[in-house]
Amino acid sequence: MLHQPKVISVGSINADFQVRVDRRPEPGETLTGHHFARLSGGKAANVAFQAQQLGTPAQLLGCVGDDDLAEQALEPLRQIGVDLSGVNVAPDCPTGVSMINVPPGGAKGIVLAENANATWGPEALHNIVEVVRSAPSNSVLVYDVEVPEEVTKAAAEAAAERGFTRILDPSPANAVSDELLDLSNILLPNPVEAKKLSGIKVEDAPTAGRAAAALARGGAKTICIKLYTGGCVLCHNGVLHFLRAPNVDAVDTTGAGDVFAGVFATWLSKGNTVLEAARAASAASAYAVTQYGSQAGCPDNREVEARLGEVQLTPHDPNP
Ligand code: RIB
């Protein structure tokens, strides 16, 4: 029997603690916030949640601690049906924690304590390689950089052996080795990460186009730079595409990049083209920023489809 391709998500699993603020605190200031919420988060967890939300089997590979925060992080994923059999529990270690503040306009600030995300033993590494090796054909691997690079490299190597698409979300904007870049065939940076990787300051669509073209290595890689104004600039097979997302009133950008990656991966796993996947991901992240919280902002198929027509291919030329 043929098995449906799945989305395998490798990276961080966190307990998110979110508070809304009317402005950012000054140095040394105690600021009163409101609407405190304990949520499930972590980039890989959010990606897996998004894929499963769209009806694609998702498997999460990551590490939690042996504390009550692990349940905060994992319970919503269990409820929706994400395969958690590849999640390791690190003894005597707290689960990863993100302290998130969300000001008006939604441009969140996050302080992350990696905790269990940084603890991967040889057995955990072996397990993720086995999971990738035994996954159905045409599965898609997605990974972030909130876990040690040896983890993502091992998963990406196993995925490359199977011929799976390997999607790197180079977030947060830490150093990424050339080796990991070489193993990845699709990169989804935001403007800050694109600058870190390319050396080109990304301020708008034309500069994003230049950075994407520089990172695409003559068309060998697909680069999709997510713009803060919504939409993205895609360089695929050496050709640039500019996708403009609908204007929305953003309230919280937390997890919008994970929604983008989760939808992109899901659409590829269903056999769509890269351009179709980028269009769906742009529509989905436009929805995500209108909701508070990462997983609460993951759209379902109906919500993605409803916004697809609002994403426009624009004719900007970065080198007029
Ligand atoms: O991308 C959003 C995620 O980043 C949050 O859920 C938080 O846990 C951090 O990892």
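- An unreviewed UniProt entry lists the protein under the name Ribokinase, with Jannaschia seosinensis given as the organism.
- Under the UniProt heading Catalytic activity (unreviewed entry), the note attached to the protein is "D-ribose + ATP = D-ribose 5-phosphate + ADP + H(+)".

Some details on the UniProt feature "domain: Carbohydrate kinase PfkB" (unreviewed entry) in the protein
Logical step 1: The feature "domain: Carbohydrate kinase PfkB" (unreviewed entry), as annotated in UniProt, sits at residues 5–299 in this numbering.
Logical step 2: A helix fraction of 35% and a strand fraction of 23% characterise residues 5–299, whose end C-alpha atoms lie 20 Å from each other.

Brief notes about the sheet that holds strand S10 (residues 186–187)
Logical step 1: Ordered by their spatial adjacency, 10 strands build an open sheet running S5-S4-S1-S8-S9-S10-S11-S12-S13-S14, and the pairing between neighbours is mixed. Here the strands that pair on one side only, and so sit at the sheet edges, are strand S5 (87–90) and strand S14 (312–314).
Logical step 2: Taken together, the four bridges between strand S1 (residues 7–10) and strand S4 (residues 58–65) define a ladder with parallel strand orientation. What sits directly across from serine 9, in S4, is leucine 60.
Logical step 3: In the packing of helix H9 (residues 274–288) onto the sheet, the strands contacted are strand S11 (222–226), strand S12 (232–236), strand S13 (239–244) and S14, and the crossing angle to S12 comes to about 165 degrees.

Section: the layout of surface pockets
Logical step 1: Size it by volume and the largest pocket reaches roughly 1000 Å³.
Logical step 2: When residues in the lining of the largest pocket are grouped by element, the largest group, four residues, is from helix H8 (residues 256–269).
Logical step 3: The class makeup of the residues in the lining of the largest pocket is 17 nonpolar, 19 polar and nine charged.
Logical step 4: Roughly 230 Å³ of volume is contained in the second largest pocket.
Logical step 5: Within the residue set of the lining of the second largest pocket, elements represented by two or more residues are S12 and S13.
Logical step 6: No other element matches the three residues that S13 contributes to the lining of the second largest pocket.
Logical step 7: Residue composition of the lining of the second largest pocket, by class: 10 nonpolar, five polar and three charged.

Overview of the UniProt feature "binding site: K(+)" (unreviewed entry) in the protein
Logical step 1: The positions that UniProt labels "binding site: K(+)" (unreviewed entry) are, in the present scheme, Asp252, Thr254, Ala288, Gln291 and Gly293. The largest pairwise C-alpha distance within this set of annotated residues, which runs over 42 residues, is 9.2 Å, so the set is compact in three dimensions. Of the annotated residues named above, the ones that line the largest pocket are Thr254.
Logical step 2: By secondary structure assignment, the location of alanine 288 is in helix H9.
Logical step 3: Residue contacts for alanine 288: discarding those within four places in its chain leaves Asp252, Ala256, Val259 and Gly297.
Logical step 4: Within the secondary structure, glycine 293 sits in the loop between H9 and helix H10 (301–308).
Logical step 5: Dropping the residues within four chain positions of it, glycine 293 is found in contact with Gln18, Leu39, Asp252 and Thr254.

Brief notes about the state of the cysteines
Logical step 1: Per the counting criterion, the structure on display carries zero disulfides.
Logical step 2: Cysteine 298 forms no disulfide, and the closest cysteine sulfur to it belongs to cysteine 224, at a distance of 17 Å.

Here's the deal with the sheet that holds strand S3 (residues 34–41)
Logical step 1: The sheet built from four strands is open, its strands ordered S3-S2-S6-S7 with mixed pairing. Looking at which strands have only one partner, the edges of the open sheet turn out to be S3 and strand S7 (109–113). The mean inter-strand angle of the sheet, taken between neighbouring strand axes irrespective of direction, is 15 degrees.
Logical step 2: Where strand S2 (residues 14–20) meets strand S6 (residues 96–102), seven bridges bridge the pair, whose relative direction is parallel. If you follow valine 19 over to S6, its bridge partner there is asparagine 101.

Here we look at empty space enclosed by the protein
Logical step 1: This model, assessed by the stated rule, comprises one cavity of 30 Å³ or more.
Logical step 2: Within this model, the largest cavity holds a volume of roughly 40 Å³.
Logical step 3: Every residue along the wall of the largest cavity is listed here: Ser9, Val10, Lys43, Ala44, Val47, Val142, Tyr143, Asp144, Asp169 and Asp258.
Logical step 4: Elements that contribute at least two residues to the lining of the largest cavity include exactly S1, helix H1 (43–53) and strand S8 (140–143).
Logical step 5: Here the lining of the largest cavity takes three residues from H1, the largest share from any one element.
Logical step 6: Along the lines of polarity and charge, the residues of the lining of the largest cavity split into five nonpolar, one polar and four charged.

Scoring rules and cut-offs
- Residues numbered from 1 in each chain as written.
- Predicted model: local features only at pLDDT ≥ 70, side-chain atom pairs only at ≥ 80, totals over all residues.
- Heavy atoms only, no water.
- UniProt positions renumbered as here; feature names shortened; annotations may be inferred.
- Helix = DSSP H or I, 4+ residues; strand = E, 2+ residues; numbered from the N terminus.
- Pairing = 2+ DSSP bridges.
- Contact = heavy atoms within 4.5 Å.
- Axes fitted to C-alpha atoms, helices over the stretch in contact; angles between N-to-C directions.
- 1 Å grid on protein atoms, 1.4 Å probe; cavity = no way out; pocket = protein on both sides within 12 Å on 5 of 7 lines; lining within 4 Å.
- Points joined across faces, edges and corners; volume = space filled by probe spheres on them.
- Nonpolar A, V, L, I, M, F, W, Y, C, P; charged D, E, K, R; others polar.
- Disulfide = S-S within 2.5 Å.

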